[in-house]
Amino acid sequence: MPDSLDQTLKQAALSGTALSPPTLPDEDRPRPSFFELRHLGFVNWYAFFKDDIQVRGRIALLGHNGAGKSVILDAIQTVLTGNDRTRLRLNASVQNEEIARSVKSKRTVRDYCLGAIDDADLEGSGEGAMLLRDQAVTYLLLGFERTDTHRQVTVGLCLEAHKDRERENPKALFIVEGRILTTDDVAEEGVYEDGRRWSEAKPWEEVRAAIEADPALDLLIANSPDLFVTEICHILGPEFGKMDKSKFLKNLRNALTFKAVTSSTEFVRNYILDPYPVSVAEMRASIARYAEIEKKVDELKRRLESVKALSERAREIRAQRALLARRRLGALQGRLHQVMTDRESNRRKQVEARDTLIDVIEALRRFEATRADLTQRLADLRQARDTSASAQALAALDLEIRSIDLSRREVTTGEALTAACRLVDALRQALPIIKAIAPDALTDFLDLVTRTEGSANLKVEEKAVLAVALTDAGLVAVAGRVLRMVEQRATTVQSRMTAIEADISAIDENIRRVSAGKSLLNRRTTIPLLQALQRAGIDASPLCERVTGVDEEWRLAAEAVLGDRREALLVAPEIYETALSVYRRTDIDGASIVNTTKTPDTRPAKRGSLATVVDTDNRHARAFLDYLLGGLMMVRTETELRREDSAITVDLMHAAARTVRKLRAPSPLLLGCVDTQGALEQLRAERREAEASLRMLSDERANLIASQRVLRACEDQANRLVPVDLTRDTCTLSTLTERFVTANLERARIAEEQDRGITQAILAAERDLKAVETEAATKNVSKGRLETTLDSLEEALASNEEAIRSIQEKSDDALLYAARVISQEHADEQRSLMFADTDPGQPDFTRIIQPTDREAIAFPIDDPRWLNAILAHLENFVLVQTFKRVSGTEDALFGTVRDYLNAFDLPRPDCVPAASSETVTDDDTRSAAERDEERFLMADAVSTWIASEEEDLRDNELVRKEAEAAEQGNRFRLTAVLLSKRCGSMIPERLLGFGSRPWRRVRCWITFRR
């Protein structure tokens, strides 16, 4: 016993625990306060379907073997260990030697949940194990109550088990403060019609929702058994100090063995003291553990510093968001100030225009009265004038003049004179064309040409005389001859245009071929034939495309010998005759089609012939090359050239038909893969030149068609002209004209002899009336302008109101954003400005725009254009840059958070994006506002996570690790004390410091002491 007490005192001294004060007398000693077990609840646990056991004071569990005593103890153990398999000792009472001889337990938590009854439980009935339930939702509830405050706590767990699964599934480890839960809270029961009871466990989600809905209850759910036991020790522990988790579990395990305690020393060792066997290995492990904890503490400190930097970045984002919100509101306030200022100006202008319009309408009323008086006076004067004899004579003359004029119009609109006038007009338009095409044809008609050119203002009878002269002189026939020349020229131009269009089509084909890496083809022979075959549905390809490779040394020789046949078209043998039929129907000459039906009859090329240096994977191309080049030998010297009947050298000396000639080097090269990119620009230049020529010809053709139209009109009018009718109508028109002139002269004479006084009065009245009408017309114009101005002002005011509504609608979003990033008070203050019916005034630009940005404005501050310029700069540059800066800072924050997680090998939370990407894909249907909102929420979530991480590191994890390091250090010190006791002397304190390698120093000291 003294030895045990000595160990206890040493442990207390080394752990730093203060000794208890002197005890008080029994009557003054306060009653101890602790939690007592008050209730046990079982739902689907072994043979318990739904049962509650109330606990008061000391109780005993009595019953025969298999009655369920251990079942209750195992339920308590399962709850208090959090169903931790490493700490469970189910049916621990079998450790009692007497019981162990008769019963060997193999119970599991799954068996308890399913109600598995084994042979021992059936007391040797021989029926074998059976399950009371195929599947189950199990609840175990322990209710505790504090002795002094009667505070109630329920500790429980929820399990799911199925006969087809080997292990149970823990659904929840929970602690409920505020009330002791019973099985009625977690299960339902009833009675069948036959009197039997039934019960069914509620799903955990339903139980949890009911607990959370009760404001008097606090629910705590642990994520692991270790945390669950820690919370049990914290909540159910002593009022002062804390309950040690490891001691609690050890004492629970020892208590459940029901092993007899034979001595106080054994009790202290088993239930009070921690086991501290003197072990060098354990001491080394303790030192290693301390070093590991110290390393972890250092890592946590570094993490804390990194998280502080992240917090600073998050604060920077909040500041930038606040600046962005202020700038948005400032821009909107400035625009609202502009619109309201413009609205007030338009209202003033509207009032002024209405006043002016009222004055103009009043003046028009006065003019209307004056005009009515003058009109009546003029009517009286004219009536007095018309009742005289001279007036009656004038009326008769007026009737005669109108009759003569009507007759003249009938004659002039007759077919003969109309045709004559149209002939003269058409010939006047055709003269420039005739002069341009056949100037010599007008040499004999100069006088008529001059008269015709000046015929635009001639009278009808003059044009009729001129038409007769033109017809008699033959000038109309000249126009017909020129028409034939124009038609012939138009036909020629159309033919040239057709040829150029075909050339352009061929150039386009070559451009497509060159762009695709293919060879050039002759655009006047091969390409037209290739296109004709394609239109007929015949697949053809030139020989040069089928060549896959050529020996570069002999390329010039092969290309020179083949010549135009490099572009010979290859078609399938079965459609060869069809291709020839198509070729015969065209007007193309110079192209060629290979007779592929002869391919099987072609002999292979000779060894050393020119055909051997040209490769192809097409059998028809191979046969054609062997046919053309298979007998042409490749030689290098004059002797070899003399010896061979058909040969060629590298420098294009060609021997054939007992003659030798030097071939011309071909250009461009076509066989195989050749570099044709240099020809692309030349083809494009040729196409541009051809297009220019086509445009010129098109313009010329348009001019020729217009000339045809004019000349053909001359010919048509000449054909319609009848000379006899023309002469008759001309004489009639001359007679009517003489009568018309005579009648007008007589009328003028009689009018001059009328009463001059009445005439002058009429003229004066007419002048006055005209002046009044002119003034009224001027006022009417002013009225129209004023009405237009008022309409414009109405539209402007409506536009102002619409602009104000639009700005206020935009302000809603900006104010919501400001409320989120600045404060609700600031947003409310700005809302009162933006939604008032008065001018909010200019924003304080010194708070939202940097001086350098204000200096960038080209106008002085007192210039009316300055406000619009600075608002445009704010909207188009400053706001854009601010938004980009916020986005960039957010991206930097996301990247720094990812770097932090990667540096410390931490899992990525859901709120942290996996990668920084602003690319908007085609299938992204979200609007820009939705993407910005998502980014805003993401940044807020990351900032919240950073704050939580910092708080957790500072207040929880780092504190726990430092406490664990202190506890591990005390363990090391205690082990060192025990070692020193064995060595007979205390280890010096200086050797117990936790610097570098303390175990080496302690081991050396122990060796020396021994």
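Please read these numbers as outputs of a predicted model, since none were measured by experiment.

## A closer look at the overall build of the chain
Consideration 1: Across its full length, the chain holds 29 helices and 18 strands.
Consideration 2: Across the chain, the fraction of contacts at a sequence separation of at least 24, relative to all contacts at a separation of at least 6, is 70%.
Consideration 3: Roughly 58,600 Å² of accessible area belongs to the chain as shown, and the carbon and sulfur atoms make up 51% of that amount.

## Focus: the UniProt feature "coiled-coil region" (unreviewed entry) in the chain
Consideration 1: Within the UniProt annotation, "coiled-coil region" (unreviewed entry) is assigned to residues 283-327, 673-707 and 783-813.
Consideration 2: Between the C-alpha atoms that bound residues 783-813 there is a distance of 45 Å. The span itself is 100% helix and 0% strand.

## Quick notes on the nonpolar core
Consideration 1: Grouped together as the largest cluster of nonpolar side chains are 53 residues, with contacts concentrated most on Leu529, Leu533, Leu610, Val614, Leu629 and Ile648.
Consideration 2: Not counting residues within four places of it along the chain, the set of residues in contact with Leu610 comprises Trp554, Ala557, Ala558, Val561, Leu629, Leu632, Met634 and Ile648.

## Describing the sheet that holds strand β18 (residues 659-662)
Consideration 1: Strand order in this open sheet of four strands is β15-β16-β17-β18, and the pairing throughout is mixed. Of all the strands in the sheet, the pair left with one neighbour each is β15 (633-634) and β18.
Consideration 2: In this sheet, β18 lies alongside strand β17 (residues 653-656) in antiparallel orientation, the contact comprising four bridges. In the strand pairing of β18, Ala656 is matched with Thr659.

## A short note on unusual backbone geometry
Consideration 1: Residue Ser667 is joined to Pro668 through a cis peptide bond whose omega torsion reads 0 degrees.
Consideration 2: A positive phi angle, close to 60 degrees, is found at Arg658, a residue other than glycine.
Consideration 3: Looking at where Arg658 falls in the secondary structure, it is placed in the loop between β17 and β18.
Consideration 4: A residue is classified by how much of its surface remains accessible, and Arg658, at 86% relative accessible area, is exposed.
Consideration 5: The phi angle at Asp905 is positive, at roughly 55 degrees, despite the residue not being glycine.
Consideration 6: For Asp905, a relative accessible area of 71% gives the class exposed.

## Details of the environment of Leu530
Consideration 1: Its place among the elements puts Leu530 in helix α15 (residues 526-535).
Consideration 2: When the C-alpha positions of Leu530 and Tyr583 are compared, they lie 9.6 Å apart, and in sequence the two are 53 residues distant.
Consideration 3: Not counting chain neighbours up to four residues away, the residues in contact with Leu530 comprise Leu521, Ala540 and Leu569.

## A short note on the sheet that holds strand β1 (residues 35-45)
Two orientations exist for strands paired in a sheet by backbone hydrogen bonds: parallel and antiparallel.
Consideration 1: Spatially, six strands are ordered β2-β1-β5-β6-β7-β10 in an open sheet, and the strand pairing comes out antiparallel. Looking at strand neighbours, the two that pair on one side only are β2 (48-54) and β10 (218-222), the edges of this open sheet. In this sheet, adjacent strand axes meet at a mean angle of 15 degrees when their direction is disregarded.
Consideration 2: Examined bridge by bridge, β1 and β2 share six bridges and lie antiparallel to one another. Residue pairing across strands places Phe42 opposite Asp51, the latter belonging to β2.

## Regarding the packing of aromatic side chains
Consideration 1: Applying the stated criterion across every chain, the model contains seven aromatic pairs.
Consideration 2: For the ring pair Tyr900 and Trp945, a centre distance of 6.3 Å and an interplane angle of 65 degrees mean the geometry is edge-to-face. Separated by 45 residues along the polypeptide, Tyr900 in helix α27 (residues 865-903) and Trp945 in helix α28 (residues 928-983) bring together distant segments of the chain. Both residues of the pair, Tyr900 and Trp945, belong to the buried class.

## A look at the pattern of salt bridges
When charged atoms on two side chains of opposite charge get close, those side chains can pair.
Consideration 1: Scanning the model with the defined rule gives 43 salt bridges in all.
Consideration 2: A salt bridge links Arg321 to Glu890, with the nearest nitrogen and oxygen atoms 3.1 Å apart. Within this pair, whereas Arg321 is found in helix α9 (residues 280-386), its partner Glu890 is found in helix α27, the two being separated by 569 residues in sequence.
Consideration 3: The shortest N-O distance in the salt bridge between Arg935 and Asp891 comes to 2.4 Å. Residue Arg935 is located in helix α28, and its partner Asp891 is located in helix α27; the two are separated by 44 residues in the primary sequence.
Consideration 4: Here the salt bridges share partners, and the residues they tie into one network are Arg321, Glu890, Asp891, Arg935 and Asp940.

## Some words on helix α6 (residues 225-236)
Because the α-helix completes a turn every 3.6 residues, residues three or four places apart line up on one side.
Consideration 1: Over its 12 residues, α6 extends 16 Å from the first C-alpha to the last, a length consistent with the 16 Å expected when each residue adds 1.5 Å.
Consideration 2: Residues Phe228, Val229, Ile232, Cys233, Ile235 and Leu236 constitute the buried set of α6.

## Remarks on the pairing of β1
Consideration 1: Where burial is concerned, most of β1 is hidden: nine out of the 11 residues are buried.
Consideration 2: The sheet contact formed by β1 and strand β5 (residues 135-146) spans eight bridges and is antiparallel. Bridge pairing in β5 links Leu40 to Leu142.

## Things to note about the side chain of Gln77
Consideration 1: You can see Gln77 is positioned in helix α2 (residues 69-80).
Consideration 2: Among the polar contacts listed, one links the side chain of Gln77 to the backbone nitrogen of Arg89, at a separation of 2.6 Å.
Consideration 3: If we skip the residues at most four places from it in the chain, Gln77 touches Arg87, Leu88, Arg89, Leu90 and Leu256.

## Section: helix α19 (residues 619-629)
Consideration 1: Extensive coverage of α19 is indicated by the burial of eight of its 11 residues.
Consideration 2: Among the residues making up α19, those that are buried are His620, Ala621, Ala623, Phe624, Leu625, Asp626, Leu628 and Leu629.
Consideration 3: Measuring from the side-chain oxygen of the N-cap residue of α19 to the backbone nitrogen of His620 gives 3.0 Å; that N-cap residue is Asn618.

## A short note on the state of the cysteines
Consideration 1: For the coordinates displayed, the defined rule picks out zero disulfides.
Consideration 2: As a non-bridged cysteine, Cys113 has Cys158 as the owner of its nearest cysteine sulfur, 9.2 Å distant.

## Digging into a nonpolar patch on the surface
Consideration 1: On the surface, Phe49, Met130 and Leu132 cluster together into a nonpolar patch covering about 240 Å² of accessible area.
Consideration 2: One can find Phe49 in strand β2.

## A few points about the packing of α6 against helix α7 (residues 245-255)
Consideration 1: For the pair α6 and α7, interaxial distance at closest approach is 10 Å and the crossing angle is 95 degrees. By the criterion of interaxial angle, the relationship of α6 to α7 is roughly perpendicular. Contacts from Asp226, Val229, Thr230 and Cys233 in α6 reach Lys245, Phe248 and Leu249 in α7.
Consideration 2: Of the residues in the contact of α6 with α7, the class split is four nonpolar, one polar and two charged.

Thresholds, definitions, all that
Residues numbered from 1 in each chain as written. Predicted model: local features only at pLDDT ≥ 70, side-chain atom pairs only at ≥ 80, totals over all residues. Heavy atoms only, no water. Helix = DSSP H or I, 4+ residues; strand = E, 2+ residues; numbered from the N terminus. Contact = heavy atoms within 4.5 Å. Areas by Shrake-Rupley, 256 points an atom, 1.4 Å probe, with all protein chains shown as cover. UniProt positions renumbered as here; feature names shortened; annotations may be inferred. Core = buried A, V, L, I, M, F, W, Y, C linked by side-chain atoms within 4.5 Å. Buried < 20%, exposed > 50% of the residue type's maximum accessible area, 1.4 Å probe, protein only. Pairing = 2+ DSSP bridges. Axes fitted to C-alpha atoms, helices over the stretch in contact; angles between N-to-C directions. Phe/Tyr/Trp six-rings, centres within 6.5 Å; stacked < 30°, edge-to-face > 60°. Salt bridge = Lys/Arg side-chain N within 4 Å of Asp/Glu carboxyl O. Expected span 1.5 Å × (residues − 1). Polar contact = N/O pair within 3.5 Å; in protein donor to acceptor, adjacent residues only side chain to side chain. Disulfide = S-S within 2.5 Å. Patch = residues over 30% accessible without salt bridge, like charges linked within 9 Å, V, L, I, M, F, W, Y side chains within 5 Å. Parallel < 35°, antiparallel > 145°, perpendicular 65-115°, else oblique. Nonpolar A, V, L, I, M, F, W, Y, C, P; charged D, E, K, R; others polar.

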